Amino acid sequence: MKKFMLMSAAALLVSTSAMAQSTVVTTTGAGHGAAVQIEPEYRTRIRSYVTEQKIRPIETREKIVVGSPVPRDVELVAVPSDWGPSLTKYRYVYSGSRVMLVDPETRMVVQAVD
């Protein structure tokens, strides 16, 4: 019985760690307010890109926050491919000191990267 329990626990541990390693970006929630979870490696790439490319922040009257739409007069920029394949469907704006990932169809901000 102990052997069976140990084998079961080991199998569960292996399957859990395998799943965790394969996850790069996950989307939580449904509909327009879905939030994107970005792995630390890709967050670092995003921050480096903004610094290296000397991206200038946009200025708007309204504060751009997660869950709110980006004003129509703000240009959305295509996400570079090295930010991760799961993020290329989004666009971004750089506002303040944050990269805001935006759903291009709804213009809703789905995630902020500090």
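Residues numbered from 1 in each chain as written. Predicted model: local features only at pLDDT ≥ 70, side-chain atom pairs only at ≥ 80, totals over all residues. Heavy atoms only, no water.

Visitor: Account for the pairing of strand 4 (residues 91-95), with residues named and values stated.
Guide: Judged by how many residues are buried, strand 4 sits mostly within the fold: 4 of 5 residues are covered. Here 5 bridges tie strand 4 to strand 5 (residues 98-102), and the two strands are oriented antiparallel to one another. In the sheet register, tyrosine 94 faces strand 5, and the bridge partner there is valine 99. Linkage of strand 4 to strand 5, two consecutive antiparallel strands, is achieved through a turn of 2 residues, within which glycine 96 is found at a positive phi near 70°. (Buried < 20%, exposed > 50% of the residue type's maximum accessible area, 1.4 Å probe, protein only. Helix = DSSP H or I, 4+ residues; strand = E, 2+ residues; numbered from the N terminus. Pairing = 2+ DSSP bridges.)

Visitor: I'd like a rundown of the pattern of salt bridges, residues and numbers included.
Guide: In total, this model carries 2 salt bridges according to the counting rule given. Between glutamate 41 and arginine 45 there is a salt bridge, and its shortest N-O distance comes to 2.9 Å. Linking glutamate 41 with arginine 45, this pair stays in helix 2 (residues 40-52), spanning 4 residues, or about one helical turn. Under the relative-accessibility criterion, glutamate 41 is labelled partly exposed at 45%. A salt bridge links arginine 98 to aspartate 114, with the nearest nitrogen and oxygen atoms 2.6 Å apart. Of this pair, arginine 98 sits in strand 5 while aspartate 114 sits in the segment after strand 6 (109-113); the two residues are 16 residues apart in sequence, bridging distant segments of the chain. Residue arginine 98 is classed as partly exposed on the basis of its relative accessible area of 31%. For aspartate 114, a relative accessible area of 53% translates into the label exposed. (Salt bridge = Lys/Arg side-chain N within 4 Å of Asp/Glu carboxyl O.)

Visitor: I'd like to hear about the nonpolar core, residue by residue, with values.
Guide: Counting 15 residues, the largest nonpolar core has Ile38, Trp83, Leu87, Val99 and Leu101 as its most contacted members. The set of elements that each furnish at least two residues to this core consists of strand 2 (35-38), helix 2, strand 4, strand 5 and strand 6. Here this core takes 3 residues from helix 2, the largest share from any one element. Ignoring sequence-local partners within four residues, the contact set of valine 99 consists of Ile46, Val50, Trp83, Tyr92, Val93, Tyr94, Gln111, Ala112 and Val113. Of all hydrophobic cores here, the second largest spans 9 residues; its members include Ile64, Val70, Met100 and Val109. (Core = buried A, V, L, I, M, F, W, Y, C linked by side-chain atoms within 4.5 Å. Contact = heavy atoms within 4.5 Å.)

Visitor: Break down helix 2 for me, citing the residues and quoting the values.
Guide: With 13 residues, helix 2 should reach 18 Å at 1.5 Å per residue; the first-to-last C-alpha distance of 18 Å fits that figure. Along helix 2, the positions that sit buried rather than exposed are Tyr42, Arg43, Ile46 and Val50. Buried residues of helix 2, seen end-on, are gathered within an arc of 105° and therefore sit on one face of the element. Every exposed residue of helix 2 that faces more than 90 degrees away from the buried side is listed here: Pro40, Thr51 and Glu52. Phi turns positive one or two residues past the end of helix 2, at lysine 54, with a value near 50°. (Expected span 1.5 Å × (residues − 1). Arc of directions from axis to C-beta.)

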